[in-house]
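So you can see what is in the structure, the chains are spelled out below.
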Amino acid sequence: MTPAARLAASIEIVGTILERAAAADRVLAEWQKHNRYAGAKDRRAVADQVYAVLRDQGMRRWRLQAAGAELTPRLLVMADASTPLAEWQRLCDGGRYAPPALSEDEAAALARLPSDEDAPLWARGNLPEAVLPLAEAAFGADTDMELAALNGRAPLDLRVNLLKATRDHVLEQLRGEGITAAPAPFSPLGIRIPEKVRLEQNSLYRDGLIEPQDEAAQLAGLLADARAGQCVIDLCAGAGGKTLLLAAAMRNQGELHAIDNDPRRLARLPVRLARAGVRNATVHAADDLPRFLQDMEGKADCVLLDVPCTGSGTWRRNPEARWRYDPAGLDEVLRRQAGLLEDGARLVKPGGRLVYATCSVLPAENGDQIGRFLGHHGEFTEVPLAEAWGGAITDPRISSGRRLSLTPYRHGTDGFFAVALRRAG
Ligand SMILES: C[S@@+](CC[C@H](N)C(=O)[O-])C[C@H]1O[C@@H](n2cnc3c(N)ncnc32)[C@H](O)[C@@H]1O
């Protein structure tokens, strides 16, 4: 592909992502499927350009607004600070595979882009202006640095499946394949790979020795301290990322129940369980949720509530998502989380544990939610982190206090919140 054809492809893809409110990685995968002529280098160049636009979207929106221009996909792609107008005019020559020539208005707008010195924090932090106050409430004096980290590229974190392998074995295998891999900083199950790797082709993945899982999600799962022989419930199991971790922690012994109210997500779980060699998990049908909640009342040693949330902690993985976030929808999310806390609490037996987790950095979904729950439920108390890990983790950076609050800047993970509550025995 010529540089002009790559530019045309980037514009088309950015347009699709914005117009269809679709996930960037899906749109890119679809484009690749339908444009087989694009070689590996072309695909990489187009993906890099698309992600560069998405990670710089705040600045580009601000520059275009300041220039009085429309926010079209073409202009968003071209409103970068470093490419001279003449270069865009050269590329947009209207040739067969090139973007159409720039209109007079477009060229004038690109010539008028302001200097970045005056850019406000929302633009620099790549966040809608209306969402900035929420980020400031979450990060305080660190807002600038946290937003920069939340806008960076996430590494690939893997979780080693202890049912099938040790971390040392997997590290050795990966390195043997020439892959740069290191133990993750906090999770004893984690491996960090800085570069992109195609896992689907890798036998370690195909044989169930590893699963991609951000280190923060691993830590939230480990906070359950699930043990062999227990009765453990994963109430928001989704496609089962944490169910797999719980099964391995239980060494395949005891009862592990996975359920979710979304049958499509649950449908992916059986294949993953089989690949991971899990034998102690029962996947319940989403339709059975009301009966399950009744039948299991007071029976669980541990209930994991990996609740639906804004996902604000994962915005570095999908930089387009922040521009779709609508603060007006937060109340509904909070209501669902509070309802799930009530559902989960009923399942915990005296002396048992309830773990609440979100991949959000917003206090309303995290500490505030837990504070409200504890205000109504004197039978639950927070387990100090040092104790909650059950000896698995002693690093003081994540084992002091009672609430696990991870952020991209401070911990190099997705933003995540988790807390373990004990029901009086
Ligand atoms: C953050 S996701 C879970 C991700 C999953 N635990 C994992 O590790 O891959 C939250 C899940 O909660 C589910 N959910 C939402 N409301 C629910 C409810 N009332 N009861 C059970 N699950 C619910 C959603 O369908 C979604 O799969």
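Per chain, residue numbering runs from 1 following the sequence as it is written. Per-residue local features of the predicted model are confined to residues with pLDDT of at least 70, and side-chain atom pairs are confined, for both listing and counting, to 80 or more; whole-chain, interface and lining totals are unaffected and use all residues.

Participant: Quick question: what am I supposed to make of the overall build of the protein chain here?
Facilitator: Numbering goes from the N terminus for both helices and strands, where a helix is a DSSP run of H or I of at least four residues and a strand is a run of E of at least two. Regarding its fold elements, the protein chain presents 22 helices and 12 strands. Atoms considered for the radius of gyration are the C-alpha atoms alone. The globule rule reads 2.2 Å times the number of residues to the power 0.38. Its C-alpha atoms give the protein chain a radius of gyration of 24 Å, within 12% of the compact-globule value 22 Å for 425 residues. The C-alpha extent of the protein chain, read off along each of the three principal axes, is 75 × 45 × 40 Å.

Participant: What exactly am I supposed to notice about the domain arrangement of the protein chain here?
Facilitator: One frequent convention defines the size of an interface as the accessible area lost when the parts assemble. Domain start and stop points were drawn from an automatic or database domain assignment. The domain architecture assigned to the protein chain consists of domain 1 (3-119), domain 2 (156-212) and domain 3 (215-423). The C-alpha-based centres of domain 1 and domain 2 are spaced at 35 Å.

Participant: It is not clear to me how helix 3 (residues 40-55) should be interpreted in this structure. Could you clarify?
Facilitator: Structurally, the α-helix is built with 3.6 residues per turn, so residues lying three or four positions apart point the same way. For helix 3, spanning 16 residues, the distance from its first C-alpha to its last is 22 Å, which sits close to the expected 22 Å at 1.5 Å a residue. Exposure is read from a count of other C-beta atoms within 10 Å of each residue's own; the residue is exposed at 12 or fewer, buried at 20 or more and partly exposed in between. C-beta atoms are placed from the backbone. All of the buried residues in helix 3 are V46, A47, V50, V53 and L54. Around the axis of helix 3, the buried residues are gathered within 125° of arc, so they sit on the same side. What points out from helix 3, more than 90 degrees from its buried face, is the exposed set A40, K41, R44 and D48. Contacts here follow a simple rule: the backbone-placed C-beta atoms of the two residues must lie within 7 Å. On its buried face, helix 3 sits against helix 1 (3-20), helix 2 (24-34), helix 4 (57-66) and helix 5 (73-78). Given the number of residues in a helix, its expected span is that number minus one, multiplied by 1.5 Å. What the arc covers is the set of directions going from the helix axis to the C-beta atoms.

Participant: Can you walk me through the nonpolar core in this structure?
Facilitator: For soluble globular proteins, nonpolar side chains are generally found buried alongside one another. The term nonpolar core means buried Ala, Val, Leu, Ile, Met, Phe, Trp, Tyr and Cys residues held together as one set by C-beta atoms within 7 Å. Counting 75 residues, the largest nonpolar core has L305, V355 and A418 as its most contacted members. A domain-level breakdown of this core finds at least three residues from each of domain 2 (156-212) and domain 3 (215-423). Apart from residues lying up to four places away in sequence, L305 is in contact with L235, C236, L340, L341, G344, L354, V355, Y356 and A357. One finds I11, L75, L76 and L110 within the second-largest nonpolar core, a separate group that totals 29 residues.

Participant: Looking at this structure, I do not really get the pairing of strand 1 (residues 156-160). What am I missing?
Facilitator: On a regular strand, one side chain projects to one face of the sheet and the next to the other, so that they alternate. Of all 5 residues in strand 1, 4 are buried, a share of seventy percent or more. Here 4 bridges tie strand 1 to strand 3 (residues 190-193), and the two strands are oriented antiparallel to one another. By the bridge assignment for strand 3, L158 is matched with I191. Bridge analysis of strand 1 against strand 4 (residues 210-212) gives 3 bridges, and the strand direction is antiparallel. Its bridge partner being in strand 4, V160 is matched across the sheet by I210. DSSP calls a pair of strands paired once it identifies at least 2 bridges connecting them.

Participant: What is the right way to look at the packing of helix 2 against helix 3 in this model?
Facilitator: For any two helices packed against each other, one specifies the inter-axial angle together with the distance between the axes. Here an angle of 0 to 180 degrees is reported between the N-to-C directions of two axes, which are lines fitted to C-alpha atoms, with helices fitted over the stretch in contact. Relative orientation of the contacting elements helix 2 and helix 3 amounts to 155°, with a least axis distance of 11 Å. If you check the angle between helix 2 and helix 3, you find them roughly antiparallel. For the pair helix 2 and helix 3, the sense of crossing is right-handed. Along the contact surface, helix 2 presents A24, L28 and Q32, while helix 3 presents R43, A47, V50 and L54. Here the residues of the contact of helix 2 with helix 3 are counted per class, giving 5 nonpolar, 1 polar and 1 charged. Each angle gets one of four labels, with under 35 degrees taken as roughly parallel, over 145 as roughly antiparallel, 65 to 115 as roughly perpendicular, and the rest as oblique. We call a crossing left-handed when the near helix sits turned anticlockwise from the far one by less than a right angle, and right-handed when that turn is clockwise. In the scheme used here, Gly and all other residues not listed as nonpolar or charged are polar, with Ala, Val, Leu, Ile, Met, Phe, Trp, Tyr, Cys and Pro taken as nonpolar and Asp, Glu, Lys and Arg as charged.

Participant: So what exactly am I meant to see when it comes to the pairing of strand 11 (residues 403-406) here?
Facilitator: Across the two faces of strand 11 the burial differs, with L404 and L406 buried and R403 and S405 not buried at all. Sheet analysis places strand 11 next to strand 12 (residues 416-423), joined by 4 bridges and oriented antiparallel. In the sheet register, R403 faces strand 12, and the bridge partner there is V419.

Participant: Mind showing me how you'd approach the site of the ligand here?
Facilitator: Any residue whose C-beta atom, as set from the backbone, lies within 6 Å of a molecule or strand is reported as near that molecule or strand. Close to the ligand lie 18 residues; C236, G238, G241, D262 and D306 are nearest. Residues of the shell around the ligand, tallied by class, amount to 8 nonpolar, 4 polar and 6 charged.

Participant: Looking at this model, I keep getting lost on the environment of P263. Mind explaining?
Facilitator: If you trace the backbone, P263 turns up in helix 15 (residues 263-266). Taking C-alpha positions, P263 is 9.5 Å from A239, a pair spaced 24 residues apart along the chain.

Participant: Is there a simple way to think about the sheet that holds strand 4 in this case?
Facilitator: Strand order across the open sheet formed by 4 strands is 2-3-1-4, with antiparallel pairing between neighbours. Looking at which strands have only one partner, the edges of the open sheet turn out to be strand 2 (182-183) and strand 4. Taken together, the 2 bridges between strand 2 and strand 3 define a ladder with antiparallel strand orientation. Following the sheet pairing, A182 is matched in strand 3 by R192.

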